[in-house]
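What the coordinates show
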Amino acid sequence: MKREGRKFMPPPLQAQVGGQSLETQRQMERVWEVLGQAQSGDLKVPDTDAAWEDLQQRIQVTQGKAGLGYVADRRASRGTRRVRFGLSATVMLAACVLFGLWLWRQPIEVTAPHGAQTSITLPDGSQVALNSGSQLVYRRGFREWPLISAHRRTVTLEGEAFFEVVRSAQPFVVETFNARVEVLGTQFNVWARPEPVGGGTRVVLASGKVRITDRASPTSTLMLEEAGAVGHVRRATAEIISSHVEEVDRALAWREQGFSAVDQPLASVLAEVERRFDISIEVEAGIALTESMTLFYGPEATAAVIIHDLCLAQGCQYRKVSRGYVLIPPQAEL
Amino acid sequence: MHSGGALEELCQRLKASDRGAFEQLFRLLREGLLRYVRSFVASDAVAHDLVQDVFVDLWCLRERLDPSQPLKAYVYRMARNRAYRYLRDERAHAEKHAWLRREASATSLEVETQVGQLDEAALARRLHGWILALPARQREALLLSRYHDLSHQEIADIMSISPRTVNNHIMRALEHLHDHVQAFEPALLAS
């Protein structure tokens, strides 16, 4: 196959060649002419009709739905694309904001595991000491929503904690599973455990004033106003029991690594020992778990000593096992 | 060959999204573009793909065409850009040069073995080989001028150089080829 192309030199070339000798001029023109015979190999490509078909399909695909009309305004489609992009960007942004908000609203949880105690400083500066096996939950800065300041400081407690609340215009509220304790600025202990035997919320006041409300009947309230005052919202009954302890420090011995119980059923005391020393206590049938007890141990308290004393008082026996103790009812006289 | 006027009219219609005009342009320009692109890339298939791409682009930007500008040079320029981008993307420069040298030397070997046979096919092959052996810019300018019916100004637009440089490139190329032809068969120049 020959390449024909343009038979004569284009004018600017002719002009340049023309400036040279007649012989050179003739020879150059001849070279130009001879080039028409240069080989041009066959290209191994689809023929023009096939290529046209292919091209049409690609254009349709490129234009998407607009390709059906074939006269789609590219600028318009670019406009819609921009709108679509803007829309998806907005949706993405909204999703990000919502996710951030959700993350922000995730409450803060502080847990003291069995066998350990923890202390926390709350966002307002109030101090909380958390006894073993207890959990305190509160919102970031006590706020429901970012930037909106809360009108009260709310924490949720399960377990036992001693609070030293910084005085502020926003009331401080401890919510437990069955009671609400409201204060302005004071020191007090809250014990709240939904146990079947002896469960409830018990508040011991160290200083200041607190108001306890039964969450089941909000009209039932009790003010604690003097150190040593105790309010007890029991799990079983609706009334709030008021009592008094002479020595607050003794009632709150746990804070000094001691151990104490005031008029608590044996089951409740044993559960407290389990949490406090991270052991497990098994009780065999025949032991009166509802019997009330009052105990006090100083900082040297150990599980072995407490169990020994308990059994002595109850007239039962105990056996040490790998994870803790088994309490055995008094043996019948042989 | 179609005059610039016919192309200008087709360009006008293409701008108005006339599919018939687009098809006519495709049939008119495809072959030349294929050969032009093939002079850069190492395979027919790649040249075909690139030319198809050029026409897809052309359709997409049809509304922004300026019919007062020479469409053919514009399309060639698109093809050239495509080819260069392809070469850059594929890092195929080395390949390209290797291929060119291989083909060129193969052809010159043929020349050695076939001296004295002045049949047309042999001449055609040799001319092809000599063109391939030209420096790239000279070859490009010569091919565009000789076989693609483009003016110096259009070639200058396509290659992003001045028309004067186009002229120089072609002149050099012709001088090279003149020497080859004379050494091969002086009779060709004498007639």
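This text follows the structure it describes.
1. Remarks on the environment of A:Asn178
Residues and elements named next belong to chain A. If you trace the backbone, Asn178 turns up in the loop between strand S6 (172-175) and strand S7 (179-183). Put simply, Asn178 and Pro194 are 16 residues apart on the chain and 8.4 Å apart in space, counted from C-alpha to C-alpha. A polar contact is formed between the side chain of Asn178 and the backbone oxygen of Val233, at a distance of 3.2 Å. Of note is the side chain of Asn178, whose polar atom sits 3.5 Å from the backbone oxygen of Arg234.

2. Topic: the environment of A:Gln314
Residue and element names in this part refer to chain A. Along the chain, Gln314 turns up in helix H7 (residues 303-314). Residue classification places Gln314 among the buried residues on the basis of a relative accessible area of 18%. Setting aside chain neighbours within four positions, we find Gln314 in contact with Leu266, Ala288, Glu291 and Met293.

3. A few points about the packing of aromatic side chains
Under the counting rule described, the total for this entry stands at 16 aromatic pairs over all chains. Summarising the aromatic geometry, the rings of B:Tyr36 and B:Tyr76 are spaced 5.3 Å apart at their centres and angled 40° between planes, so their arrangement reads as tilted. Linking B:Tyr36 in helix H2 (residues 19-38) with B:Tyr76 in helix H4 (residues 71-89), this pair joins segments that are 40 residues apart in sequence. Overall, the relative accessible area of 2% leaves B:Tyr76 in the buried class. Grouped by ring-pair contacts, the aromatic residues A:Trp52, B:Phe22, B:Phe26, B:Phe55 and B:Trp59 constitute a single cluster. A cation over a ring is seen here: A:Lys320 above A:Tyr325, with NZ or CZ 5.1 Å from the ring centre. Here the basic side chain of B:Arg62 rests over the ring of B:Trp59, its NZ or CZ set 4.0 Å away from the ring centre.

4. Overview of the nonpolar core
Formed by 74 residues in total, the largest nonpolar core has its most connected members in B:Phe22, B:Phe55, B:Leu58, B:Leu142 and B:Leu174. Top element by residues in this core is helix H3 (residues 44-60) of chain B. It accounts for 10 residues. With residues near it in sequence (within four places) discarded, B:Leu174 still touches A:Met9, A:Leu13, A:Met28, A:Val31, A:Trp32, A:Leu35 and B:Leu142. Grouped together as the second largest cluster of nonpolar side chains are 32 residues, A:Ile120, A:Leu136, A:Phe142 and A:Leu222 included.

About the thresholds
- Residues numbered from 1 in each chain as written.
- Chains lettered and ligands numbered in written order.
- Predicted model: local features only at pLDDT ≥ 70, side-chain atom pairs only at ≥ 80, totals over all residues.
- Heavy atoms only, no water.
- Helix = DSSP H or I, 4+ residues; strand = E, 2+ residues; numbered from the N terminus.
- Polar contact = N/O pair within 3.5 Å; in protein donor to acceptor, adjacent residues only side chain to side chain.
- Buried < 20%, exposed > 50% of the residue type's maximum accessible area, 1.4 Å probe, protein only.
- Contact = heavy atoms within 4.5 Å.
- Phe/Tyr/Trp six-rings, centres within 6.5 Å; stacked < 30°, edge-to-face > 60°.
- Lys NZ or Arg CZ within 6 Å of the ring centre and 35° of its normal.
- Core = buried A, V, L, I, M, F, W, Y, C linked by side-chain atoms within 4.5 Å.

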